[in-house]
Amino acid sequence: MSKLVIVESPAKAKTIRKYLGGGYEVTASMGHIRDLPQSQLGIDVEHGYAPQYINIKGKEKIIKELKSLAKESDEVFLATDPDREGEAISWHLANLLGLDTAAENRVTFGEITKKGVTQGMAAPRAIDMDLFNAQQARRVLDRLVGYKLSPFLWKKVRRGLSAGRVQSVAVRLIVDREKEIEAFKPEEYWNIDALLSPPSSTKKFTARLTALAGGRKLAVTSAGQSAEIVKALDGAAYTVASISKGKRKKVPAPPFITSTMQQEASRRLGFTATRTMRAAQTLYEGVDIAGQGTMGLITYMRTDSLRIADEAQAAAKEFITETYGPEYVCPQKRTYKSKSATAAQDAHEAVRPTNPALTPAEVEKSVSGDPAKLYRLIWSRFIASQMSDCQQDTVSADITAAGYLFRASGYVVTFDGFTTLYEEATDEKEKKETALPPLEEGMVLKLRELKPEQKFTQPPARYTEATLIKALEENGIGRPSTYAPIITTIIDRDYVERDQKKLAPTTLGRVINELMLEQFPNIVDVKFSAHMEEELDTIENGKTDWHEVIDDFYTDFDKTLKEAEVKMEGKRIKVPDEETDEVCELCGRKMVIKSGRYGKFLACPGFPECKNTKRLVKDTGGLCPKCGSRMLVRHSKKGRVYYGCEKNPTCDFMTWNEPTTEKCPECGSTLFKKGGKNGILLCEKEGCGYSRALGAEKKE
């Protein structure tokens, strides 16, 4: 008996082939083999929105091979990924190869291991038509919006533009955040900190002014008010009024789902969502581990579920007991509730290592680069989720002086628990707390220094990939498989640009967003988009017919599109040129940024009188330590950012370290930032050698 197993990728095929042994042929379809045509709508709007699928151009050889192999086999198993896209690929393969879609020839693997493959092959089923129809509905919806809206944008803005159903909402979130930042008016406030110590100790601690002695909250909003308070405190006795002690625990974060994996990889590793998913795909499909052969190292990476298999929990706890001791094992069974996973989505587990005993150190003997870094993150997060809580003793002290109330708080870790291995990174700066010296009520403290500091409220931060994915997830926009493509698409379309890892709207992005808001408010409405995702989920769960969902959407969309055509008859929107500080050396005008077929460039606004153009470069604000010229942002052939002197090739200075606007206190040259938030500032001028930790006090 010859049995054919079809998967998407050669790497996955190689791993599965090892586990199935003789009698099986495993081959790859190389992803999708059929899709809607690129040159036309491909949807029969008049007859039930029937999609007109065609074979993808360039897949002729693969299709011929698949047909030949299927013909020679006694059985064919469709083993594509266990999600909507995978189900769609299997459905198209069945139709192309003349297989019965109702036959039990569909198998799925939650993990590409001996156990995962054996279990999958032992439970073949029919193609899940609800799952397929959910994917088909998304594809049809996105095609209708993209294909109908793009010509409208060509006529009203400029040729070559396109709009997407979900991407347009993501652009709106980024534009709205930029508007918030621009409209923000900073407000002044002052912190007044007292650096204190007990009478018989040199250990210092900081207490912050928070209220009047009676407990009424105090806001210090001006230099004058701050000066008055400092004057009133001159010579005052600082007395411990009350001490409150307590205990608290820190609970580990749950194992990863797709969105949290992408967020944490962005924060800790600086990975884009696309880079994260590429590394995760490699880990899932299988890598060669010395002494163990090819194996899948993680469970399926597109999931909304936090469920963990009992045997995986048991294996993790066994590893923790042997490595850290029994006190580090969480005494009860940890269960994490998924926020949004439907019953169908919960069929998957969370993203976890397939073998918890396989440590990152062991993996790194055989695997390097992004997959190794991501495996360490996934493994650490999962093992920590099964460890005991971090226990802390807390103390806070209220200290009175001249009718004012200062507060100091601190903690001591009594048991480190999971934090010995892993703590979740955050986007917000955490308030630093340290242990306080022994204090007693009534104790009069020594004032070492009174420090008033002027501050200003800060605008909301621009989105990063991590915070945008979090916002999309919280608002119910998109699903695990769509977060990375959404971000890639809006950047590729030049609606959004990355600026120091932050996402900012381009001038074009703003124009398109305003047009969409005026003419197609539903498309860019967050709640409407979330509702459409819920509708797709109801199709997947078999509760709604996909034709109804498409018809409800398209009837209203088509009407809105026709109304927009009438409203904007004869109108055309000009995308304003983005002015720069670069001066045209031929005529003295400030040059503007233009977009051409090869990307952005600088052009003189005096065209056609002045036809001067230049390559667009990005100034870092730092200066070359070798010749004093500007340091510019450059990109390697692989797209990696580095920094080089504008006088290149005359001056050959380049560095991977990011230039800052700060000057070296020793020699006056630009300081460069090396590493992440725990990195250093260093001077790269030859012979200087100055460096300091990020966040450390500047040397006066």
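Model, not experiment: these values are computed from the prediction.

### Thoughts on the pairing of strand E27 (residues 658-663)
Then step 1. Sheet analysis places E27 next to strand E28 (residues 670-674), joined by three bridges and oriented antiparallel. Each residue of the ladder has a partner; that of Glu658, found in E28, is Lys673.
Then step 2. Two successive antiparallel strands, E27 and E28, enclose a turn made up of six residues, where Gly668 displays a positive phi of approximately 85°.

### Concerning a negative patch on the surface
Then step 1. A contiguous patch of negative charge on the surface is contributed by Asp545, Glu548, Asp551 and Asp552.
Then step 2. Among the structural elements, Asp552 can be located in helix H17 (residues 546-567).

### A closer look at the state of the cysteines
Then step 1. One pass over the structure, following the stated rule, counts zero disulfides.
Then step 2. Considering cysteine sulfurs only, Cys651 is the nearest to Cys624, which forms no disulfide, with 3.7 Å between them.

### Quick notes on the sheet that holds strand E23 (residues 618-623)
Then step 1. Spatially, E23-E24-E25-E26 is the arrangement adopted by the four strands of the open sheet, whose pairing is antiparallel. Each edge of the sheet is formed by a strand with only one pairing partner; in this case those strands are E23 and strand E26 (654-655).
Then step 2. Looking at chain direction, strand E25 (residues 641-645) and E26 are connected through two bridges and run antiparallel. Directly across from Gly644, in E26, lies its bridge partner Met654.

### Topic: the domain arrangement of the chain
Then step 1. According to the domain assignment, the chain contains domain 1 (3-127), domain 2 (137-183 + 461-568), domain 3 (188-251 + 390-456) and domain 4 (258-386).
Then step 2. A C-alpha centroid distance of 63 Å is found between domain 1 and domain 3.

### As for the UniProt feature "active site" (unreviewed entry) in the chain
Then step 1. The UniProt entry lists Tyr300 under the feature "active site" (unreviewed entry), expressed in the numbering used here.
Then step 2. With respect to the helices and strands, Tyr300 occurs in the loop between strand E12 (293-295) and helix H10 (310-323).
Then step 3. Under the relative-accessibility criterion, Tyr300 is labelled buried at 2%.
Then step 4. The contacts of Tyr300, once residues within four sequence positions are left out, are Asp81, Pro82, Asp83, Gly110, Tyr284, His348 and Val351.
Then step 5. At a separation of 3.4 Å, a polar atom in the side chain of Tyr300 contacts the side chain of Asp81.

### Notes on the UniProt feature "domain: Toprim" (unreviewed entry) in the chain
Then step 1. Taking the UniProt record as the reference, the feature "domain: Toprim" (unreviewed entry) is found at residues 2-112.
Then step 2. Here residues 2-112 is 33% helix and 20% strand, with 22 Å between the C-alpha atoms at its ends.

### As for the sheet that holds strand E7 (residues 75-78)
Hydrogen bonds between backbone atoms are what pair the strands of a sheet, whose relative direction is either parallel or antiparallel.
Then step 1. One open sheet holds the three strands; their spatial order is E2-E1-E7, and the pairing between them is parallel. What marks the edges here is a single partner per strand, and that holds for strand E2 (24-28) and E7. Going across the sheet, the axis of each strand differs from the next one's by a mean of 20°, ignoring polarity.
Then step 2. Pairing analysis gives five bridges linking strand E1 (residues 3-7) to E2, with the strands arranged parallel. Residue pairing for E2: Leu4 is matched across the bridge by Glu25.
Then step 3. Set on the sheet, helix H1 (residues 10-20) makes contact with E1 and E2; between it and E2 the angle comes to about 170°.

### Some points on the packing of aromatic side chains
Then step 1. Tallied over the entire structure, the rule returns 15 aromatic pairs.
Then step 2. On the numbers, 5.4 Å between centres and 90° between planes, the contact of Phe152 with Phe520 is edge-to-face. Pair noted here: Phe152 is in helix H5 (residues 129-156) and Phe520 is in the loop between helix H15 (507-519) and helix H16 (526-540), with a separation of 368 residues, a long-range link. One exposure class covers both Phe152 and Phe520, and it is buried.
Then step 3. With 5.1 Å between their ring centres and 65° between their planes, Tyr284 and Tyr300 make a pair best called edge-to-face. Of this pair, Tyr284 sits in helix H9 (residues 273-285) while Tyr300 is found in the loop between E12 and H10, placing the two residues 16 residues apart along the sequence.

### A closer look at the side chain of Asp398
Then step 1. Here Asp398 lies in strand E13 (residues 390-401).
Then step 2. Using a relative accessible area of 14% as the deciding quantity, one classes Asp398 as buried.
Then step 3. Among the polar contacts listed, one links the side chain of Asp398 to the side chain of Arg407, at a separation of 2.7 Å.
Then step 4. Once residues within four sequence positions are removed from consideration, Asp398 is found in contact with Thr239, Val240, Ala241, Ser242, Leu405, Phe406 and Arg407.

### Section: the packing of H16 against H17
Then step 1. Interaxial distance between H16 and H17 falls to 9 Å at its minimum, and their mutual angle equals 160°. The orientation of H16 relative to H17 falls into the category roughly antiparallel. Two packed elements cross with a definite hand, and for H16 against H17 that hand is left-handed. Residues Phe528, Met532, Glu535 and Ile539 of H16 lie in contact with H17, whose contacting residues are Trp546, Val549 and Phe553.

### Focus on helix H3 (residues 84-96)
Then step 1. Over its 13 residues, H3 runs 18 Å from end to end, which matches the ideal 18 Å to within 8%, given 1.5 Å per residue.
Then step 2. A large share of H3 lies buried, amounting to 11 of its 13 residues.
Then step 3. Taken as a whole, H3 has its buried residues at Arg84, Gly86, Glu87, Ala88, Ile89, Ser90, Trp91, His92, Leu93, Ala94 and Leu96.
Then step 4. Taken from the residues just after H3, Gly98 is the one with a positive phi, measuring 70°.

### Considerations on the side chain of Arg334
Then step 1. Examined against the element boundaries, Arg334 turns out to sit in the loop between H10 and helix H11 (360-363).
Then step 2. According to the relative accessible area criterion, Arg334 is buried, its value standing at 10%.
Then step 3. Engagement of the side chain of Arg334 in a polar contact is seen with the side chain of Asp389, the distance being 2.9 Å.
Then step 4. With near-sequence residues (within four places) excluded, Arg334 lies in contact with Val251, Pro252, Gln313, Ser385, Gln386, Met387, Ser388 and Asp389.

### Some thoughts on the pattern of salt bridges
Pairing is possible between side chains that carry opposite charge, provided their charged atoms lie close to one another.
Then step 1. Counting across every chain of the model gives 47 salt bridges.
Then step 2. When the shortest N-O distance is used, the salt bridge between Glu264 and Arg267 registers 3.1 Å. Taken together, the residues Glu264 and Arg267, both in helix H8 (residues 258-269) and three residues apart, mark about one turn of the helix.
Then step 3. The class for Glu264 is buried, based on a relative accessible area of 0%.
Then step 4. Note that Arg692 and Glu662 form a salt bridge whose closest N and O atoms lie 2.4 Å from each other. With Arg692 in strand E30 (residues 691-693) and Glu662 in strand E27, this residue pair connects regions lying 30 residues apart in the sequence.
Then step 5. On the accessibility criterion, Glu662 (21% relative accessible area) is partly exposed.
Then step 6. Put simply, Glu582, Glu585, Lys614, Asp619, Arg630 and Glu646 are held in one network by salt bridges that share partners.

### Section: the environment of Glu60
Then step 1. The topology assignment puts Glu60 in helix H2 (residues 60-72).
Then step 2. In this structure, the C-alpha to C-alpha distance between Glu60 and Ile33, residues 27 residues apart in sequence, is 9.0 Å.
Then step 3. From its side chain, Glu60 meets the backbone nitrogen of Gly58 in a polar contact 3.1 Å long.

Thresholds, definitions, all that
Residues numbered from 1 in each chain as written. Predicted model: local features only at pLDDT ≥ 70, side-chain atom pairs only at ≥ 80, totals over all residues. Heavy atoms only, no water. Pairing = 2+ DSSP bridges. Helix = DSSP H or I, 4+ residues; strand = E, 2+ residues; numbered from the N terminus. Patch = residues over 30% accessible without salt bridge, like charges linked within 9 Å, V, L, I, M, F, W, Y side chains within 5 Å. Areas by Shrake-Rupley, 256 points an atom, 1.4 Å probe, with all protein chains shown as cover. Salt bridge = Lys/Arg side-chain N within 4 Å of Asp/Glu carboxyl O. Lys, Arg positive; Asp, Glu negative; His and termini not counted. Charge placed at Lys NZ, Arg CZ, Asp CG, Glu CD. Disulfide = S-S within 2.5 Å. Domains from an automatic or database assignment. UniProt positions renumbered as here; feature names shortened; annotations may be inferred. Buried < 20%, exposed > 50% of the residue type's maximum accessible area, 1.4 Å probe, protein only. Contact = heavy atoms within 4.5 Å. Polar contact = N/O pair within 3.5 Å; in protein donor to acceptor, adjacent residues only side chain to side chain. Axes fitted to C-alpha atoms, helices over the stretch in contact; angles between N-to-C directions. Phe/Tyr/Trp six-rings, centres within 6.5 Å; stacked < 30°, edge-to-face > 60°. Parallel < 35°, antiparallel > 145°, perpendicular 65-115°, else oblique. Left-handed = near helix turned anticlockwise from the far one by under 90°. Expected span 1.5 Å × (residues − 1).

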